[in-house]
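A structural walkthrough
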2 protein chains.
Amino acid sequence: MREDKLIAKIGRLAGKSQAWPRSGLLGIGDDAALWRPRPGYEAILTCDWFLEDTHFLRQKHPPDSVGWKSLARAVSDVAAMGGVPVCFLLSLALPVSLSGRWLDEFLCGLHRAARRLRCALAGGDTTRSEQVLISTTVVGQIPRGEAVLRSGAQPGDRLFVSGRLGEAEAGLQLVRKLPKDSASGDPLRKKHLYPEPRLKLGRWLAEKHLASAMMDLSDGLSTDLPRLCAASSVGATINTAALPLARLSANPLHKKLDTHQLALHGGDDYELLFTVPARKVRQIPSSFRGLPIAAIGEITKTSAILVRKDRGRQRPLPNKGWDPFR
Amino acid sequence: MREDKLIAKIGRLAGKSQAWPRSGLLGIGDDAALWRPRPGYEAILTCDWFLEDTHFLRQKHPPDSVGWKSLARAVSDVAAMGGVPVCFLLSLALPVSLSGRWLDEFLCGLHRAARRLRCALAGGDTTRSEQVLISTTVVGQIPRGEAVLRSGAQPGDRLFVSGRLGEAEAGLQLVRKLPKDSASGDPLRKKHLYPEPRLKLGRWLAEKHLASAMMDLSDGLSTDLPRLCAASSVGATINTAALPLARLSANPLHKKLDTHQLALHGGDDYELLFTVPARKVRQIPSSFRGLPIAAIGEITKTSAILVRKDRGRQRPLPNKGWDPFR
């Protein structure tokens, strides 16, 4: 395996790109990719690590999930701004021993995600390493002025989340503890292995100017909510009774899980966390194209992040989500 | 060290960005960066690995060189298209033990490169790893239609290179064999540790429509020239007598080096390799703002890559540059 052959393999499996310059995108094969942004649009730029042992286990995670997730995670950041993905760059380093079947399956999952998320492979870099190292850069676009930042939340705004929180964490338990291909139909396992960025919801909230602030939940509510609040110089109170909880499967491995703890601290959900001014709350449906949306609390003036159990006392929410340095 | 503190440190040292949206760039602190492309311009997208043990040695390369080079290498791809850098995303993974002084010096070199190359830090991702892992994504821009691709070379075009080839490889010998901070004033060591992307030359060639094809020399002439030729479906003949050779220093470590071999196969020069139609050759000066430019051969119809010594026989050029999989 030589580097040029590896690049050819990646390029082939990624499908042929349309003719430049008509398509607006010139991809693999040059020093860099070229892209013609749409007039009146802003570009969204984001990148994400996906590293063996830190973010996935080679013995436990199917290669096609590694491919899918390495793109979906980064695209989720585009969803969180309210944008639409355009293309991505793949930085891939791997051992020579994985350049056969493992790489084929990885590229298959990546290709499926690229088609599903309408995000074209535009370039990247490859090299050799002892472990699988992936860094994915995604470029998206959004009509000028529509992007929803983390910093727009105001005291009195209501706090919403999409989906059910903690399901990916519950799925991870199955992936960790069961043999590689068992429980393959389990929806929680699927949620962990093949997350779906909430692109349509993010786009709708941005287009309708409904969300005052937004981010995606990648590290868990108790770690991510403080980031949104810090960016907006506000605090928040969460009503734990309103949290949309994971629907655990019948698997005995799930018997010991606490769905409230999963919802507060579980990572990898890639759901959207967003705030809505009180006067617009009526416009938020309880589900959007089948995806549940829950009002889980509100934004406050002080910097504290509190949880309240129904009408009980408020207490500070400990930051116990994912932190690679913890 | 928590991830949020690490991000704050990186953001602080990168300098404050100007107010969005006036500056056209919203950087660190959100799910993604936002950028307003200039009307009538195309975006250039490129990324580059820079990995401990593969691309640099922690015991031998000063951290500020690692910072400088991780950006300069990727910016060189923008120069090779004829573009101007705009901003970059930094994916950085490192051991906790390096998050103090090593990281400070790394960021110092990165910051110097960002200012020098006018390329603003716009975002990125951080995590923990056992070795230092860096992937840098650079976004550039170029007036629509001006980008110079690898695929435009035609039989009869003349082949040019900037600078003197093999100097970075000669510098690497010093870095490898001498203690970390010795020979610090040596220009070849400097060329290896702090390469200067040829942005002004690339821009000028693109703007004046002088180059029919262009790429940067990162892996060595004997590895990179076949790539340009393959993209253009042509071959090339190099006149070895015309190669601009490294000026070796008095250092005894350099006594055994063969400057011709260095010029043909040495990597990391980040000089520009470009082709010029015969009718425009007169417009190419022998130096551009002090940077030597040499005509080293010409593009041919067959796919062979040949070298010729003055009027001697032609022989095939073996591909002996850098390949991480070799």
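Everything here concerns the structure above.
The notes below deal with the structure included here.

Helices and strands together make up the secondary structure of chain A, namely eight helices and 14 strands. At 20 Å, chain A has a C-alpha radius of gyration in line with the 20 Å of a compact globule built from 326 residues. Its C-alpha atoms give chain A principal-axis dimensions of roughly 65 × 50 × 35 Å. In chain A, which comprises 326 residues, the share counted as buried stands at 54%. Of the contacts formed within chain A by residues at least 6 apart in sequence, a portion of 84% connects residues at least 24 apart.

Opposite the 53 residues of chain A that make contact, chain B presents 53 residues. Listing elements by their share of the side of chain A that touches chain B, those giving two or more residues are helix 1 (3–13), strand 2 (33–35), strand 3 (41–51), helix 2 (63–81), strand 4 (84–94), strand 5 (120–128), strand 6 (133–143) and strand 8 (213–217) of chain A. Classifying every residue of the side of chain A that touches chain B by side-chain character gives 29 nonpolar, ten polar and 14 charged. Relative to strand 3 (residues 41–51) of chain B, strand 2 of chain A runs antiparallel, the two being bridged by three bridges. Across the sheet, A:Trp35 pairs through a bridge with B:Ala43, a residue of strand 3 of chain B.

Turning our attention to the sheet that holds strand 6 of chain A. Read from one edge to the other, the open sheet built from six strands follows the order 5(A)-4(A)-6(A)-3(A)-2(B)-1(B), with strand pairing classed as mixed. The open sheet has two free edges, formed respectively by strand 5 of chain A together with strand 1 (25–26) of chain B, since each of these has just one partner strand. Of the strand pairs in this sheet, strand 1 of chain B and strand 2 (residues 33–35) of chain B are connected by two bridges, and their pairing is antiparallel. Along strand 2 of chain B, the bridge assignment pairs B:Leu26 with B:Leu34. Its contacts with the sheet place helix 2 of chain A against strand 3, strand 4 and strand 6 of chain A, and it is angled at close to 145° to strand 3 of chain A.

Residues and elements named next belong to chain A. For the pair helix 2 and helix 3 (residues 101–116), the least separation of the axes is 6 Å and the interaxial angle reads 40°. Taken together, the axis directions place helix 2 and helix 3 in an arrangement best described as oblique. Our pair here, helix 2 against helix 3, has a crossing hand that is right-handed. For the pair helix 2 and helix 3, contact is made by Pro63, Asp64, Ser65, Val66, Gly67, Trp68, Ser70, Leu71 and Ala72 and by Trp102, Glu105, Phe106, Leu107, Cys108, Gly109, Leu110, Arg112, Ala113 and Ala114, respectively. In terms of residue class, the contact of helix 2 with helix 3 is made up of twelve nonpolar, four polar and three charged.

Overlay of chain A on chain B (RMSD 0.0 Å): rotation 180°, translation along the axis 0.0 Å. The transformation relating the two chain copies, once decomposed into turn and shift, fits a two-fold axis. Most of the interface of chain A is mirrored in chain B, where 100% of its interface residues are also at the interface.

So, about the pairing of strand 13 (residues 305–308) of chain B. Residue and element names in this part refer to chain B. Residues Ile305 and Val307 of strand 13 are buried on one face, while the alternating residues Leu306 and Arg308, pointing to the opposite face, are not. When strand 9 (residues 235–239) meets strand 13, the two strands line up parallel, connected through four bridges. By the bridge assignment, Ile238 is partnered in strand 13 with Val307. Direction of pairing for strand 13 relative to strand 14 (residues 314–316): antiparallel, over a ladder of three bridges. Residue pairing in the sheet places Val307 in a bridge with Arg315 of strand 14. Where strand 13 folds back onto strand 14 in an antiparallel hairpin, the turn is made up of five residues, including Asp310, whose phi is positive at roughly 50°.

Residues and elements named next belong to chain A. If you check the backbone angles, Ser233 has positive phi at about 55° while not being a glycine. On the neighbour-count criterion, Ser233 (12 C-beta atoms within 10 Å) is exposed. Residue Arg289 is not a glycine yet carries a positive backbone phi of 50°. As for its placement among the helices and strands, Arg289 is situated in the loop between strand 11 (287–288) and strand 12 (291–300).

Each value, and the rule that gives it
Residues numbered from 1 in each chain as written. Chains lettered and ligands numbered in written order. Predicted model: local features only at pLDDT ≥ 70, side-chain atom pairs only at ≥ 80, totals over all residues. Helix = DSSP H or I, 4+ residues; strand = E, 2+ residues; numbered from the N terminus. Rg over C-alpha atoms; globule rule 2.2 N^0.38 Å. Buried ≥ 20, exposed ≤ 12 C-beta atoms within 10 Å, placed from the backbone. Contact = placed C-beta atoms within 7 Å. Nonpolar A, V, L, I, M, F, W, Y, C, P; charged D, E, K, R; others polar. Pairing = 2+ DSSP bridges. Axes fitted to C-alpha atoms, helices over the stretch in contact; angles between N-to-C directions. Parallel < 35°, antiparallel > 145°, perpendicular 65-115°, else oblique. Left-handed = near helix turned anticlockwise from the far one by under 90°. Least-squares fit on C-alpha atoms with pLDDT ≥ 70 in both.

Limitation: the analysis is restricted to geometry and does not speak to function.
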